[in-house]
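Spelled out, the chains give:
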Amino acid sequence: IENAIKKSQKIRYGHPFLSELTEIVIPIFDLILSDCPEDLRPRYLQTRKVYIFPNGSEIKLIGLDKNPNGLRGNGIAIIILDEAGFINNLKYVYTSVIIPATMKMENIKIIMISTPPESPEHFFVELMNRAQVSDNAFYLELAQGTR
């Protein structure tokens, strides 16, 4: 939200389950935005599940169980995967959506947040094993040096 307020940009926020967007994520967004000045406060378009900010920024919320291809788009600056360790189709989302959609983009940030998955066989574990630790975060080198 802070990045969207600071600079006009497109952000995709993927969550494992569409149902939890309305139960968990949107109430958290509402809480964060509760003291946001009116001139900076975004409008939420429920049918599109997108927050539109006065400066043109967009945060699109995607339930990856129903719409794994929803992370695609032009001019995306940030992709966030919340609870990535619980995205059932994470390998597909990563290899068939994120990597192809971002290969020619520069300075795109891909952020995967998660508690440990239930199975050590989950693709998130493989990604974390390949990642490098730096400044209390894990960085995974992607195509063309993006992180």
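Everything below is about the structure shown above.
Conventions and cut-offs
Residues numbered from 1 in each chain as written. Predicted model: local features only at pLDDT ≥ 70, side-chain atom pairs only at ≥ 80, totals over all residues. Heavy atoms only, no water. Buried < 20%, exposed > 50% of the residue type's maximum accessible area, 1.4 Å probe, protein only. Helix = DSSP H or I, 4+ residues; strand = E, 2+ residues; numbered from the N terminus. Pairing = 2+ DSSP bridges. Contact = heavy atoms within 4.5 Å. Core = buried A, V, L, I, M, F, W, Y, C linked by side-chain atoms within 4.5 Å. Axes fitted to C-alpha atoms, helices over the stretch in contact; angles between N-to-C directions. Salt bridge = Lys/Arg side-chain N within 4 Å of Asp/Glu carboxyl O. Right-handed = clockwise from strand over helix to strand, strands pointing away.

**Notes on the pairing of strand β1 (residues 10-15)**
For β1, the tally of buried residues reaches 5 of 6 residues, placing the bulk of the element in the interior. Relative to strand β5 (residues 76-81), β1 runs parallel, the two sharing 5 bridges. Considered in β5, the bridge of Tyr13 is made with Ile80.

**Quick word on unusual backbone geometry**
Negative phi values dominate among residues other than glycine, just as trans dominates among peptide bonds. The backbone of Glu83 sits at a positive phi, close to 50°, despite the residue not being glycine. Examined against the element boundaries, Glu83 turns out to sit in the loop between β5 and α3 (90-102). For Asn107, which is not a glycine, the phi torsion comes out positive at approximately 65°. Locating Asn107 in the fold gives a position in the loop between α3 and β6 (109-112). What makes Asn107 exposed here is its relative accessible area of 69%.

**A few points about the environment of Gly70**
As for its position among the elements, Gly70 is in the loop between β4 (58-63) and β5. For the pair Gly70 and Lys60, spaced 10 residues apart in the sequence, the C-alpha separation amounts to 8.8 Å. Setting aside residues up to four positions removed in sequence, Gly70 forms contacts with Arg12 and Ile62.

**Quick word on the nonpolar core**
Burial of nonpolar side chains together is a common tendency in soluble globular proteins. Residues Leu71, Ile79, Leu81, Leu90 and Ile98 are the most contacted members of the largest nonpolar core, which totals 20 residues. Among all residues touching Leu71, those that are not within four sequence positions of it are Arg12, Gly14, Ile62, Leu64, Ile76, Ile79, Leu81, Val93, Val97 and Ile98. Ile11, Ile26, Phe29 and Leu33 belong to the second-largest nonpolar core, a separate cluster that totals 15 residues.

**Focus on the sheet that holds β4**
Judged by pairing direction, the sheet is mixed, and its 6 strands sit side by side in the order β2-β3-β4-β1-β5-β6 without closing on themselves. Each of the sheet's edge strands pairs with one partner strand only, and the pair in question is β2 (43-45) and β6. The average angle at which neighbouring strand axes cross in this sheet is 15°, direction not considered. Where β2 meets strand β3 (residues 50-52), 3 bridges bridge the pair, whose relative direction is antiparallel. The partner of Arg43 across the bridge, within β3, is Ile52. Contacting β5 and β6, α3 crosses the sheet at an angle of about 170° to β5.

**Focus on the pattern of salt bridges**
Per the stated rule, a full pass over the model turns up 2 salt bridges. A salt bridge links Glu2 to Lys6; the shortest N-O distance between them is 3.0 Å. Of this pair, Glu2 and Lys6 both sit in helix α1 (residues 2-6), 4 residues apart, roughly one helical turn. Like Lys6, Glu2 is exposed. In this structure, Glu38 and Arg41 form a salt bridge, with 3.1 Å as the shortest nitrogen-oxygen distance. Overall, the relative accessible area of 63% leaves Glu38 in the exposed class. The exposure class assigned to Arg41 is partly exposed, which follows from its relative accessible area of 27%.

**Topic: the pairing of β6**
Consecutive side chains along a regular strand alternate between the two faces of the sheet. Pairing between β5 and β6: 4 bridges, direction parallel. From the neighbouring strand, Ile80 faces β6, where its bridge partner is Ile111. At this point the chain moves from β5, through α3, to the parallel β6, and the crossover so formed is right-handed.

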